[in-house]
Amino acid sequence: MRDQDFDLLTQLLKSTSGLSLGPDKRYLLETRLTPLALKNGFDGFDALADEIRFKRPQALIDDVVEAMTTNESFFFRDSTPFDILKNQVLPKMLASRGGKKKLKIWCGAASTGQEPYSIAMMMAEDPARWAGWDVQILATDISKDALKKGEEGSYSQFEVQRGLPVELMLKYFRQEGERWIISDDIKRRVTFKPYNLLDTSVAIGKFDIVFLRNVLIYFDTPTKSAVFEKVRNVMEKDGALFLGAAETVLGVTEEFRSIKGLRGLYMPTEYAQEASLSFAAAG
Ligand SMILES: C[S@@+](CC[C@H](N)C(=O)[O-])C[C@H]1O[C@@H](n2cnc3c(N)ncnc32)[C@H](O)[C@@H]1O
C-alpha cells in the first residue's frame, strides 16, 4: 500500500466515522477494502484510493466506512451490565419515573440489534412491573447494513446461541429454515435509525438510559471526549450510561463518573456521588 493512500483513507475514516487506525492496521485497511474495490470494478486497492482522492464520490466513501466498521455483537454481551440494569438501574427508574411512566433508552452503537433486543426481552420478562409504561428503545448505528439486519431481526443458529439463554430463545424467536426470527412483540419495542455519533446537527431526543458499548475503543481520545460531551447533552441529569468492559471515562472526560461496585455503569458527574450512595444503600 502506498503511504499516501494509507494517509488519505485513515484521515477520511477518522473525520467521517471517528475510526482511528494506527500504522499497525495497514493490513486491515487492505484486506477489507480490496474486495470493495474489485466489487466496484476497480482493478485493486490503489485504483479505489485514486478514485476517492480525485473524485470524492459520496456513495463510495459511505461504502468504505461501512466496510471498515466492526459490527460484532451478541445477546446479553458481558452479562454484568444487563444484571446491573435489571437489578439496580431499572428499579430506580421505576421509582423515579413512576409518575409519568415513561422511559427512554438509547443504544448508540446498536449494530445488528442484539443489544437493544436483549433489553427489550429483559423488560418483556417482567410485564407486571412495566404495565402501563411507555418504554422506548432507540437503536442507532452508522452502519446501514447492520441496522437493516437488526430491523429484520433474523439471526443464524450461531448468533442466537451466543449469550442468549435457551429459554429466551425458545420464547422470543421462531425458526424459519436456517434462521431464527425475533417475535413481533420484541421487534416492535425497538426503533432502528441510522445515526453517526460524530454528527452534531441532528437532535435525537433526551434519554434516561444510554448504552454506548464497544464503540469508543475505536476512537482516539479527543473524539471520545467529544462523544461523551454530546451524550451528556442528550441524557437526563440522573441518567445511566453503560460502557463496554474495555472502555472508561478516566482521563477522557469529566462529564461522567463510574459508580463504585457497579462495573460498566457511569452517571453524570453532578449526580454520581448521590447515586453511588443510594446504590450502596439499596445494596
Ligand atoms: C463492535 S460493535 C458494538 C455493538 C454493541 N454495542 C455491542 O457492544 O455488542 C461497534 C458498532 O459501532 C458502530 N460505529 C462505529 N463508528 C460509529 C459512529 N461514528 N457512529 C455510530 N456508530 C458507529 C459500528 O458500525 C458497529 O456496529
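My aim in this report is to walk through the structure given alongside it, one point at a time. (Residues numbered from 1 in each chain as written. Predicted model: local features only at pLDDT ≥ 70, side-chain atom pairs only at ≥ 80, totals over all residues.)

Once that is clear, we can look at the pairing of strand 4 (residues 173–176). As defined by bridge partners, strand 4 adjoins strand 5 (residues 179–182) across four bridges and the pair is classed as antiparallel. By the bridge assignment for strand 5, Gln 175 is matched with Trp 180. The antiparallel pairing of strand 4 with strand 5 creates a hairpin that spans two residues between the two strands, and Gly 177 there sits at a positive phi of about 60°. (Pairing = 2+ DSSP bridges. Helix = DSSP H or I, 4+ residues; strand = E, 2+ residues; numbered from the N terminus.)

Before going further, it helps to examine the packing of helix 2 (residues 26–39) against helix 3 (residues 45–55). Packing of helix 2 against helix 3 leaves a shortest axis separation of 8 Å and a crossing angle of 80°. Accordingly, the angle class assigned to the pair helix 2 and helix 3 is roughly perpendicular. Residues Glu 30, Leu 33, Thr 34, Leu 36 and Ala 37 of helix 2 form the contact with helix 3, whose participating residues are Phe 45, Ala 47 and Leu 48. In terms of residue class, the contact of helix 2 with helix 3 is made up of six nonpolar, one polar and one charged. (Axes fitted to C-alpha atoms, helices over the stretch in contact; angles between N-to-C directions. Parallel < 35°, antiparallel > 145°, perpendicular 65-115°, else oblique. Contact = placed C-beta atoms within 7 Å. Nonpolar A, V, L, I, M, F, W, Y, C, P; charged D, E, K, R; others polar.)

Once that is clear, we can look at the nonpolar core. Ala 120, Val 210, Leu 212 and Leu 241 are the most contacted members of the largest nonpolar core, which totals 59 residues. Apart from the residues lying within four places of it in its own chain, the contact partners of Leu 241 are Val 210, Leu 212, Val 231, Met 235, Phe 256, Tyr 266 and Met 267. Counting eleven residues, the second largest nonpolar core, distinct from the first, contains Leu 13, Leu 19, Phe 45 and Val 64. (Core = buried A, V, L, I, M, F, W, Y, C linked by C-beta atoms within 7 Å. Buried ≥ 20, exposed ≤ 12 C-beta atoms within 10 Å, placed from the backbone.)

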